[in-house]
Amino acid sequence: MIASCLCYLLLPAARLFRALADAFFTCRKNALLAKRSAPQVEGDFAMAPQGPDQEECEGLLQQWREEGSSQVLSTVSEGPLVDKGLAQSSLALLMDNPGEQEAASEDKWSSRQLSDLQAAENLEEPSPEVLGEEPLPEVEVPMWAGVHMQTGPQYADCAVLPVGALAAEEWEEDPAVLAWSMAPEPMSQEEAPIWSFESLGHLQPPPIEIPYHEILWREWEDFSTQLDAQGLEAGDGPQFQFTLMSYNILAQDLMQQSSELYLHCHPDILSWNYRFANLMQEFQHWDPDILCLQEVQEDHYWEQLEPSLRMMGFTCFYKRRTGCKTDGCAVCYKPTRFRLLCASPVEYFRPGLELLNRDNVGLVLLLQPLVPEGLGQVSVAPLCVANTHILYNPRRGDVKLAQMAILLAEVDKVARLSDGSHCPIILCGDLNSVPDSPLYNFIRDGELQYHGMPAWKVSGQEDFSHQLYQRKLQAPLWPSALGITDGCQYVSSCHPKRSERRKYSRDFLLRFRFCSIACQRPLGLVLMEGVTDAKPEQPAGWAEFVLEEDTFEPEPVFPRTAGTIQHCLHLTSVYTHFLPQHGRPEVTTMPLGIGTTVDYIFFSAESWENGNRTDRRLYRDRTLKLLGRLSLLSEEILWAANGLPNPFCSSDHLCLLASFGMEVTAP
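- Identification of the protein chain as Protein angel homolog 1 from Molossus molossus is taken from an unreviewed UniProt entry.
- Reading the Sequence similarities (unreviewed entry) entry of the UniProt record for the protein chain gives the comment "Belongs to the CCR4/nocturin family."

### Brief notes about the pairing of strand E7 (residues 327–333)
Phase 1: Burial analysis of E7 places 7 of its 7 residues in the buried class, the great majority of the element.
Phase 2: In terms of strand pairing, strand E5 (residues 290–297) meets E7 through 6 bridges, oriented antiparallel. Each bridged residue has a counterpart across the sheet, and for Leu293 the counterpart in E7 is Ala330.
Phase 3: As paired elements, strand E6 (residues 315–320) and E7 share 6 bridges and run antiparallel to each other.

### Brief notes about the side chain of Asn441
Phase 1: Relative to the helices and strands, Asn441 is located in helix H14 (residues 438–445).
Phase 2: A polar contact of 3.3 Å, which involves the side chain of Asn441, links it to the backbone oxygen of Asp436.
Phase 3: Here Asn441 is in contact with Asp436, Gly446 and Glu447, once residues within four sequence places are set aside.

### Observations concerning the sheet that holds strand E3 (residues 220–222)
Phase 1: On the basis of which strands lie adjacent, the open sheet formed by 7 strands has the order E3-E20-E21-E4-E5-E7-E6 and mixed pairing. Two strands bound the open sheet, and with one partner strand each, they are E3 and E6. In this sheet, adjacent strand axes meet at a mean angle of 20 degrees when their direction is disregarded.
Phase 2: Summarising the sheet, E3 and strand E20 (residues 625–630) pair through 3 bridges and their orientation is antiparallel. Note that in E20 the partner of Asp222 across the bridge is Gly628.
Phase 3: Running at roughly 165 degrees to strand E4 (residues 239–248), helix H11 (residues 272–286) makes contact with E4, E5, E20 and strand E21 (656–663) of the sheet.

### Quick look at the side chain of Ser651
Phase 1: With respect to the helices and strands, the residue Ser651 is situated in the loop between helix H18 (635–640) and E21.
Phase 2: Of note is the side chain of Ser651, whose polar atom sits 2.5 Å from the backbone oxygen of Asn248.
Phase 3: The contacts of Ser651, once residues within four sequence positions are left out, are Tyr247, Asn248, Ile249, Leu250, Leu644 and Pro645.

Rules behind the numbers
Residues numbered from 1 in each chain as written. Predicted model: local features only at pLDDT ≥ 70, side-chain atom pairs only at ≥ 80, totals over all residues. Heavy atoms only, no water. UniProt positions renumbered as here; feature names shortened; annotations may be inferred. Buried < 20%, exposed > 50% of the residue type's maximum accessible area, 1.4 Å probe, protein only. Helix = DSSP H or I, 4+ residues; strand = E, 2+ residues; numbered from the N terminus. Pairing = 2+ DSSP bridges. Polar contact = N/O pair within 3.5 Å; in protein donor to acceptor, adjacent residues only side chain to side chain. Contact = heavy atoms within 4.5 Å. Axes fitted to C-alpha atoms, helices over the stretch in contact; angles between N-to-C directions.

What follows is the structure, encoded as structure tokens:
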């Protein structure tokens, strides 16, 4: 009985509370509706989620249509809840479902959009009426227009964004904003955007493929005369013309080990997939006949580079660095232009020699140019191509010189002809030495006096003159056990080996019936007549012959010069290392933003005297000629492209490209 009485007493109070709550929320809804135009209100209700309150929403919409916006506006103006934030809160409450499970459903409403609406609501400025200030006059603001998204179920339903600049800034970074766009003002057909989008999942325009060479503007410098249709130079005699590229492509492992050198680069352009595509674009664009690569990572070579280059028509040879290193050097050539005669890998590591305890390598190929069949019975001299990557350490110039001596000795052996001369030679690679350094001058001039020189000075990369202790080069630079002379030739090339098999006659062998000790009477020998008292007869000339045959022939000893090394390959550089049109030096790499030149293409060309001046750009006949080259860039130009690597050049080195001509002679 008491419980029934309490229920009858509480029932009117509950009805009264519910009536007050309905009036409160109705007032808030009317305040919102009064601020919007008819199309917007209809859109709001059209995009409201489906739920139990759908009939109530439709009823409110019908009520607004019947009573008119003026009546609702007068009703709202008398109420105390007219602030903008409250109106937006009422929109969120109006569109929200009362049930917790239905509100959490992504198919009916996006919880992320509701949270963003509430965040934008909290950031709104309070209404001037609440602060006691005069309300600001209403102005026309850009209206957000909904754009239907076809991609992504999370954007299937659209919500009206808060109006105002603050709301626009708040939503700019959110992915959901991709479903919205500002309603544009009418524009002429000429000003309309040229791109049409099927979906707005990505608003940025499609990338325009601009070749890297059109941005960095590397010019081709032509030194040749007009070429005929077969690629042969028209002049006094036909020339076999070919191009060669040398390129340090930056091994991915080495880049990751020295990541501090590439902080200026966006991570996306450092990925191997991006870099590999750019490198292949360079190879395809310049289309060299011979390709010499350094810092070629072994797994990338066998999995991607070698198959791709083979499809481009190259035959490739690869030499990985010794030890546990993962990169090496590669030389690729087109078999339609050359025929391989021999390939010699070069390892600079020598067990037991401290001077040669590094894992750098080189590769030397001897190629036979193939002339067109239409020229008849003509021939071209073989071409020796050497590719290497010398030690980087700026302090160990002694190691650099020893490695270069080994490479030059191998080139001398491969390129040496039967008459003692050498066939045309091209030596290229990353030598980790700057122009006019002692190592550079040694390659170009063929001689270097090194005794007493500080080791850091050999490559000229850095200046360590301020240090108290400096390693200095001592003569001889490498031990005789290396088997290389100071003229950078193998000892076997200077002293032919003795024949290990000889023919001996019977008379010659009979002379060895007695050894020399048999002619001497041993001490303590018992004298026996007819037995030990006789002395064996000595053949005529036996003693002299025995002494001659017993003389041990020592190993050939080659003379060592006092602190001087030489070579006789007559090499000169393709590049002059200076840009006269810019007044700046050429650079091939930019470590830490500092431009320098360490990559070279040297080729054999005999200079001739022109008065009192020797010009290495003037060549004699029957030699390798430089027909053209791809210009290098200055440090300032590479700064403008954000250094190296950049989106257009995917290595920290620039490629070197040159065109050569070889004389075609009759047999």
